[in-house]
Amino acid sequence: MLYNLAMIKKLFDRIFKPKHTKSDATGSTKSESSKLEQSPSGRTILDTKLGTKKPARKYAEASKHESRKSSALTIPHKTHKIDRTLLSSGAHRTIEGLQKAGFEAYIVGGAVRDLLLNRIPKDFDVATDATPEEVNRVFRRSRIIGRRFRLVHVLFGDETIEVSTFRGSHLETDGDSKVADSGRIIRDNVFGSIVDDAVRRDFTANALYYDPSSQEVLDFHNGYADIEAGVLRMIGQPETRYAEDPVRMLRAVRLSAKLGLKIESGTQAPIAKMADLLQDVPPSRLFDEMLKLFLSGHAIESVSALREQHLHHGLLPMLDVVLEQPMGERFVMLALQNTDDRILSGKTANPSFLFAALLWHEMLAAWETYQAEGHHAIPALHMAMTEVIATQAEKLAIHNRYTATMKEIWGLQPRFEQRAGKRPFGLLTHPRYRAAYDFLLLRCESGELPMEIGEWWTAFANAEGDERAAMLQADTAPKKRRKRSRKKLSGAGSTSTSVGDSD
Ligand code: ATP
Ligand code: MG
C-alpha cells in the first residue's frame, strides 16, 4: 500500500510539477526568458505558471500590477541597454528567489542609476512587495535589521544584498511611523506599493526599478530622462523633502560631485536657507553620510561643493576654522587628494587616517594651548587628543573603533622626531607605523615639517642591517631617569614613554 502511494505521488509529480530549469549565465532560467520574450507584460502570471508558491495572490495582483506599471514609463532593454551580466550573483539570486516565491522584486536605487551612467555599482539594493518577515523566510541566510527602516540583509558568501519592502506614505495613520515637529521623519515602517515607494525616494535618478528577468526599467518620475540630461532632481517639493530629511542636502552634493550630475535649480535653491536643519540630524547618521562623502573618490569636489553651499558649517566642527588657515587647508586638501587617488585606483582608504588628517591642525592648536598653560609635551598631547575628539563627537559621532586609531596615529608623531639610539627601531615595528609614517609624509608635503625628516624615515625603513645604525643621529636626549624617580612619576598619569602605544 505504502509502495503504491509513493508510486502515485511520483507519477503525479512528473505530470504536474514544472521541470527543473537550468540557470544561464545571467542567473535567469531559460524557460523564464523564452516565455518572457513572448509576453513581457504578463510576467507575474508567467511566474505563477513556473510554480510559484503564491498563485492566488499573484493572479489577484496581476491587474493591480498593470495599473502600477501604467503610472510608470516602461523602458525596454533596447533603449536602456543595461547589461544584466553586470549584476552580482547575489543580486540575481535575490531577485530570482523572491520572484519564484511569488513576489515582485527589482534592483533599485544607486545601482540602476550607476548602470545607466556606465559605472560599476558598488552594491545592489533590492525592493520588493514581500514584508521583511516574508523575505526572511525565502532566504535561509538572511536577517532583519534596522529600526528607522526595517530591512533584510540576504547573505551570499562575502556579498550582502539589502532588501527593502516597498514603503508607503508616512502620513497614513496605520503602520509604524513618527514625524518630528520640524517635519523630520524619525521612524518609518509603513509598507506600500511600488508607486508609493518611488515617490518616497530622494532623486528622480534614484527612483528607477530594474527587473532583470524582463529587462525592463520602470520609471515613475522621469529619472531616465534626467540621467540622460545629466541632472539631479529632487522628487516632489524640495523644501518639504529637505525638511523631512536634511541629509538629502548632503546627498545632493555628494551624488552630484560623484556622478558629475548638475543639481537642478529648484533642487539647489532651498539648500542655502535650509542648511541649519542639519544640526538636528543624529550625529551617527551624519557620520555615516560624511564617511560616504569622504570615501566616494570625489572628496575634494564634495568638500568644495559643501563649502560653496555653506553646508560644511557644523558638520565637522572646527573644519571651517582649519580650512581658513593656509597651512590647515593645504594639509586637509592633500589628505583628501591622497584618499581620492587611493579610491580611484582601487585601493582602500582608512577612515581613521582621514579623520586624523582632517582634525590634525585643530589638534596641533589645542596641543600648543595646553603646553602654553604649562603642561609637559606628552600629557598635553593626550589632553588635546581627548578634547578634539570630544568636541567632534557632539556633532559627528566618530565611532570608537576609529578614534582609537586616530589617537595612535597622532600619538606616534612626536616619535618621528627621535632619530637616535634604539627608539627609531622600536617605532618601525609598531603596528601603526605605516599609517603614522604616511601621516608624517603628509605633514612634510604640506610644509609643516622639513621634507628631510620624511626622507630620513623613508631611507631608514628601506636600509638594511648596519646601514640603519649608521644613519642614527647622535643621542643628545637626557639620560634616562633612575628607577627611583620613575616610580615617583608613575602615579601621575602619562609618562613620556606612553606616546601612541608600547613597543
Ligand atoms: P551610493 O552609490 O552612494 O550607494 P545610493 O543612491 O545607492 O548611492 P544609498 O544610501 O545606497 O545611496 O541608498 C539607496 C537608495 O535609497 C537611493 O538610491 C534612494 O533611492 C534611497 N534613499 C537613500 N537615502 C535616502 C533619503 N535620505 N531619502 C530618500 N531616499 C533615499
Ligand atoms: Mg547604494
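Residues numbered from 1 in each chain as written. Chains lettered and ligands numbered in written order. Predicted model: local features only at pLDDT ≥ 70, side-chain atom pairs only at ≥ 80, totals over all residues.

Any chance you could break down the environment of Met451 for me, citing the residues and the numbers?
The residue Met451 is located in helix H25 (residues 451-462) in this model. Taking the C-beta count within 10 Å as the criterion, Met451 has 11 such neighbours and is therefore assigned exposed. Sequence spacing of Met451 and Leu440 is 11 residues, and the spatial spacing of their C-alpha atoms is 9.7 Å. (Helix = DSSP H or I, 4+ residues; strand = E, 2+ residues; numbered from the N terminus. Buried ≥ 20, exposed ≤ 12 C-beta atoms within 10 Å, placed from the backbone.)

Can you explain the sheet that holds strand S6 (residues 159-165)? Please cite residues and give values.
The 8 strands lie next to each other as S1-S10-S9-S2-S3-S6-S5-S4, forming an open sheet whose pairing is mixed. Each edge of the sheet is formed by a strand with only one pairing partner; in this case those strands are strand S1 (73-75) and strand S4 (142-145). The average angle at which neighbouring strand axes cross in this sheet is 30°, direction not considered. As paired strands, strand S5 (residues 151-156) and S6 are joined by 6 bridges and run antiparallel to one another. Residue pairing for S6: Val152 is matched across the bridge by Val163. On top of the sheet, helix H6 (residues 89-100) reaches strand S2 (105-108), strand S3 (125-128), S5 and S6; it is set at about 150° to S2, its chief contact. (Pairing = 2+ DSSP bridges. Axes fitted to C-alpha atoms, helices over the stretch in contact; angles between N-to-C directions. Contact = placed C-beta atoms within 7 Å.)

Would you mind going over H6 in detail, with residue names and values included?
Between its first and last C-alpha atoms H6 spans 16 Å; for 12 residues at 1.5 Å apiece the expected length is 16 Å, and the two agree. Every buried residue of H6 is accounted for by Gly90, Ala91, His92, Thr94, Ile95, Gly97, Leu98 and Gln99. Backbone geometry just after H6 places Gly102 at a positive phi near 95°. (Expected span 1.5 Å × (residues − 1).)

I'd like a description of the packing of helix H20 (residues 360-372) against helix H21 (residues 377-395), backed by residues and values.
H21 packs onto H20 with a crossing angle of 135° between their chain directions and a minimal axis gap of 8 Å. One finds that H20 runs oblique with respect to H21. In terms of crossing hand, the pair formed by H20 and H21 is right-handed. Together, Glu362, Met363, Ala366, Trp367, Tyr370 and Gln371 of H20 and Ala377, Ala380, Leu381, Met383, Ala384, Met385, Glu387 and Val388 of H21 make up the contact between the two elements. Counted by class, the contact of H20 with H21 contains 11 nonpolar, 1 polar and 2 charged residues. (Parallel < 35°, antiparallel > 145°, perpendicular 65-115°, else oblique. Left-handed = near helix turned anticlockwise from the far one by under 90°. Nonpolar A, V, L, I, M, F, W, Y, C, P; charged D, E, K, R; others polar.)

Tell me what's going on with the site of ligand 1, and back it up with residues and numbers.
The environment of ligand 1 is formed by 13 residues, the closest being Gly109, Gly110, Arg201, Asp202 and Asn206. Residue contributions to the shell around ligand 1 peak at 3 residues, all from helix H12 (residues 247-259). In terms of residue class, the shell around ligand 1 is made up of 2 nonpolar, 3 polar and 8 charged. (Near = placed C-beta within 6 Å.)

Any chance you could break down the confidence of the model for the protein for me, citing the residues and the numbers?
Per-residue confidence for the protein gives a mean pLDDT of 80, with 74% of residues at or over 70. Counted against residues more than four places away or in other chains, residues 11-64, with its pLDDT under 50, gives 56 contacts. Segment residues 485-503: pLDDT under 50, and 27 contacts once partners within four positions in sequence are set aside and those in other chains are kept. (pLDDT = per-residue confidence, 0-100.)

Give a description of unusual backbone geometry that names residues and reports values.
If you check the backbone angles, Lys81 has positive phi at about 60° while not being a glycine. Take Lys81: it is sitting in the loop between helix H5 (77-80) and H6. Positive phi outside glycine occurs at Asn118, with the angle close to 60°. Within the secondary structure, Asn118 sits in the loop between helix H7 (110-116) and S3. For Asn118, a count of 10 C-beta atoms within 10 Å puts it in the exposed group.

An account of the pairing of strand S9 (residues 208-211) is needed here, citing residue identities and associated values.
Alternating positions in S9 separate into two faces, Leu208 and Tyr210 on one and Tyr209 and Asp211 on the other, with burial throughout. Across 2 bridges, the pairing between S2 and S9 is antiparallel. Within the sheet, the bridge partner assigned to Val108 lies in S9 and is Tyr209. In this structure, S9 lies alongside strand S10 (residues 216-219), joined through 4 bridges in antiparallel fashion.

Go over the nonpolar core with me, naming the residues and quoting the values.
One finds Ile107, Val126, Ala356, Ala357 and Met363 to be the most contacted residues of the largest nonpolar core, which totals 102 residues. Counting residues per element, this core draws most heavily on H12, at 7 residues. There are two domains that each give this core at least three residues, and those are domain 1 (22-161 + 210-220) and domain 2 (316-478 + 487-498). Once residues lying within four places of it in the same chain are set aside, the contact partners of Ala357 are Phe331, Val332, Ala335, Phe439 and Leu442. (Core = buried A, V, L, I, M, F, W, Y, C linked by C-beta atoms within 7 Å. Domains from an automatic or database assignment.)

Help me get a handle on the packing of helix H24 (residues 433-445) against H25, residues and values and all.
Contact geometry of H24 with H25 gives a least axis separation of 8 Å together with a crossing angle of 150°. Regarding the angle of H24 to H25, the classification is roughly antiparallel. Crossing handedness for the pair H24 and H25: left-handed. Residues Tyr437, Leu440, Leu441 and Cys444 of H24 lie in contact with H25, whose contacting residues are Met451, Ile453, Gly454 and Trp457. Residue composition of the contact of H24 with H25, grouped by class: 7 nonpolar, 1 polar and no charged.

Which residues make up the environment of Ser296, and what values do they have?
Positionally, Ser296 belongs in the loop between helix H15 (283-294) and helix H16 (299-308). Given 20 C-beta atoms within 10 Å, Ser296 falls into the buried group. Spatially, the C-alpha atoms of Ser296 and Ile343 are 7.5 Å apart, while their sequence positions differ by 47 residues. In contact with Ser296, other than residues within four places in its own chain, are Arg254, Lys258 and Ser302.

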